[in-house]
There are 2 protein chains.
Amino acid sequence: MTQKRDGAGTRAGDAYDAIRQAIRTGDFGPGERLRFSALQDLCGMSVTPVREALTRLTAEGFTVLDEHRGYSVARLSLAELGDITAARQLCEGEALRLSVMKGDEDWEARVVAAHHLMARIPQGREDMPSVMREDWEARHGAFHVALISACGSPTLLEICGKLSLQADRYRRMSVSVSGAARDVLGEHRELLERALARDADGAAEALREHYGRTAAMLANFFET
Amino acid sequence: MTQKRDGAGTRAGDAYDAIRQAIRTGDFGPGERLRFSALQDLCGMSVTPVREALTRLTAEGFTVLDEHRGYSVARLSLAELGDITAARQLCEGEALRLSVMKGDEDWEARVVAAHHLMARIPQGREDMPSVMREDWEARHGAFHVALISACGSPTLLEICGKLSLQADRYRRMSVSVSGAARDVLGEHRELLERALARDADGAAEALREHYGRTAAMLANFFET
DNA sequence: GAGTCAATGATTTTCGAAAATCTATTGGAT
DNA sequence: ATCCAATAGATTTTCGAAAATCATTGACTC
């Protein structure tokens, strides 16, 4: 074999990761065209797995296909940000409500643990406090996943996951960490407390507000 | 060129249609393995476009991929039917609520027209009244699409569309047209009336009940 | 001068075969 | 008899090149 990657099973999977990361970090900006030649250079493989990766990315909304004319990075818009946010408020709000109602001890433990890991490190970098730390973002995502993990609906979880990936592109847009105008710590703590207090509707409402604030903050970056 | 298909742009698209249809009609049953050799025979093309079609179908939940071990048709389960139904009630209910609130004259016209086309033909076949007519199913789907078409949220519409495709697999399971235990005509008329009366919450509630009844009916086929 | 059409170049899409991986079987050792 | 390793067969996955399609350019007609 040419190379044995640790966990990665197929080249198509590697290509998927590589291209998605390149889009995440802005190496390929919104609207930018994605030529196979360039992607083959980036991924170091033939056209076949690259094409499969693009098919998947397109299904998830990261890229757009114009038949016989090629792929390009999906554009971002203020309207879509609002749309995605509304959908998240609906779906993840309900998922959280169900999760709080159905969650058992293990769920509580997962939520507490995830919150602890997130609260344990600062949101911004030490050298550049205005830029989010990669690991904080990961733990932040894990906390939100833990919150809804007991909802009992694989379908809802999948929808929430995809919406979260979409929203992530907008989240990354914000160079600044929202300034001091917002108490992110407090918002998360409130989520945690209401969840543990089994206040299903309250937790769902807090989550919707949480996402609403995030969207409102990000919306500023479209007017710059 | 070898052949010029009317509207079809790529072979991958044709493969997607062909395989999905084969799954819909039961040519490939739930859990059945999908070998590339068989699919190439079915579609009459090389492995590349078939693979792309499977990638798409997998993203939409029709098929399942076990890396290096091949694709197979996704299994159906009573649990998933309930799960999908709940998600539809949530998402499409909200979409309908928004649509009724925001819809303009053109939307009203679309809804009335779609309902008329659906009500114009019988649900079951003349020769085999227990089997649904293909064209009725198509018009039924078009009516539901028209109902939510004014919700203003592309994201929500996409989610509803995908859930509808999933649910379609279960809908097709039912050999019988639900017997006389149900007034499908009436349910749809109620949806139409509440929508036109701009009773947003009422329409949404009627839709949720509509899907609830459909699911309850289909659930019987798992106990046979 | 505007518009149509054919030729050219760039790019996507598809093919057929090679490479990699998994599954089942056989043979042998404990 | 059971378990493990090596082999063979079947299948997926990837490659490199050919075919098909789209965009551009320039000539030609009206």
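Residues numbered from 1 in each chain as written. Chains lettered and ligands numbered in written order. Predicted model: local features only at pLDDT ≥ 70, side-chain atom pairs only at ≥ 80, totals over all residues. Heavy atoms only, no water.

1. Considerations on the protein's contact with DNA strand D
Note the threshold: We call a residue near a molecule or strand as soon as one heavy atom of that residue lies within 4 Å of the molecule or strand. Between N or O atoms, a polar contact is any pair within 3.5 Å; within protein, one atom must be a potential hydrogen donor and the other a potential acceptor, and residues adjacent in sequence are included only when both atoms are from side chains. Every helix listed is a DSSP run of H or I at least four residues long, and every strand listed is a run of E at least two residues long, numbered separately from the N terminus. Residue classes follow a fixed rule: Ala, Val, Leu, Ile, Met, Phe, Trp, Tyr, Cys and Pro count as nonpolar, while Asp, Glu, Lys and Arg count as charged, and any other residue, Gly among them, counts as polar.
Near DNA strand D there are 21 residues, and of these Arg11, Ser46 and Arg69 of chain A together with Arg51 and His68 of chain B occur at the shortest range. By atom count, sugar and phosphate contribute 83% of the portion of DNA strand D lying within 4 Å of the protein. The separation between a base nitrogen of DNA strand D and a polar side-chain atom of Thr48 of chain A is 3.4 Å. One of the backbone nitrogen or oxygen atoms of Phe36 of chain B is found 3.3 Å away from a phosphate oxygen of DNA strand D. Counting only elements with at least two residues in the surface near DNA strand D, the list comes to α1 (11–24) and α3 (47–59) of chain A together with β1 (33–34), α3 (47–59) and β3 (70–73) of chain B. Taken together, the residues of the surface near DNA strand D break down into eight nonpolar, seven polar and six charged.

2. Some remarks on the confidence of the model for chain A
Quick reminder of the rule: In predicted models, pLDDT denotes the confidence assigned by the predictor to each residue on a 0 to 100 scale. Residues are treated as being in contact if the distance between any of their heavy atoms lies within 4.5 Å.
Across chain A, the average pLDDT comes to 92, with 92% of residues at 70 or higher. Contacts of residues 1–7 of chain A to residues separated by more than four positions or lying in other chains number three contacts, the stretch itself having pLDDT below 50.

3. What to know about empty space enclosed by the protein
Residues and elements named next belong to chain A. Spelled out, the test is: Grid points spaced at 1 Å and placed over the protein atoms alone form the basis of the search, with a cavity being a set where a 1.4 Å probe fits but cannot get out and a pocket an open set showing protein on both sides within 12 Å along at least five of seven lines. Lining residues have an atom within 4 Å of a point. Grid points are joined across faces, edges and corners, and a volume is the space filled by probe spheres set on the points.
Considering all chains together, one arrives at four cavities of 30 Å³ or more under this definition. Roughly 250 Å³ of internal volume is contained in the largest cavity. Forming the walls of the largest cavity are 22 residues, and the residues nearest its centre are His140, Arg171, Arg182, Thr214 and Leu218. Elements supplying a minimum of two residues to the lining of the largest cavity: α4 (78–102), α6 (134–148), α7 (154–173), α8 (184–196) and α9 (200–219). Of the residues forming the lining of the largest cavity, the biggest block, six residues, is contributed by α9. Taken together, the residues that form the lining of the largest cavity break down as 11 nonpolar, eight polar and three charged.

4. Some thoughts on the interface of chain B and chain A
Here is the rule: Using a 1.4 Å probe, buried area is obtained as the accessible area two parts lose upon being combined, added over both of them. When a carboxyl oxygen of Asp or Glu is within 4 Å of a side-chain nitrogen of Lys or Arg, the pair counts as a salt bridge.
Contacts between the two partners involve 23 residues from chain B, matched on the other side by 23 residues from chain A. Between chain B and chain A, roughly 2000 Å² of surface is buried when both sides are summed, and carbon and sulfur atoms account for 59% of that area. Between the two partners, chain B and chain A, sit two salt bridges. If you look at where chain B meets chain A, you find nine residue pairs in polar contact (both at pLDDT 80 or more). Sorting the residues of the side of chain B that touches chain A by element identifies α3, α4 (78–102) and α7 (154–173) of chain B as the ones contributing at least two each.

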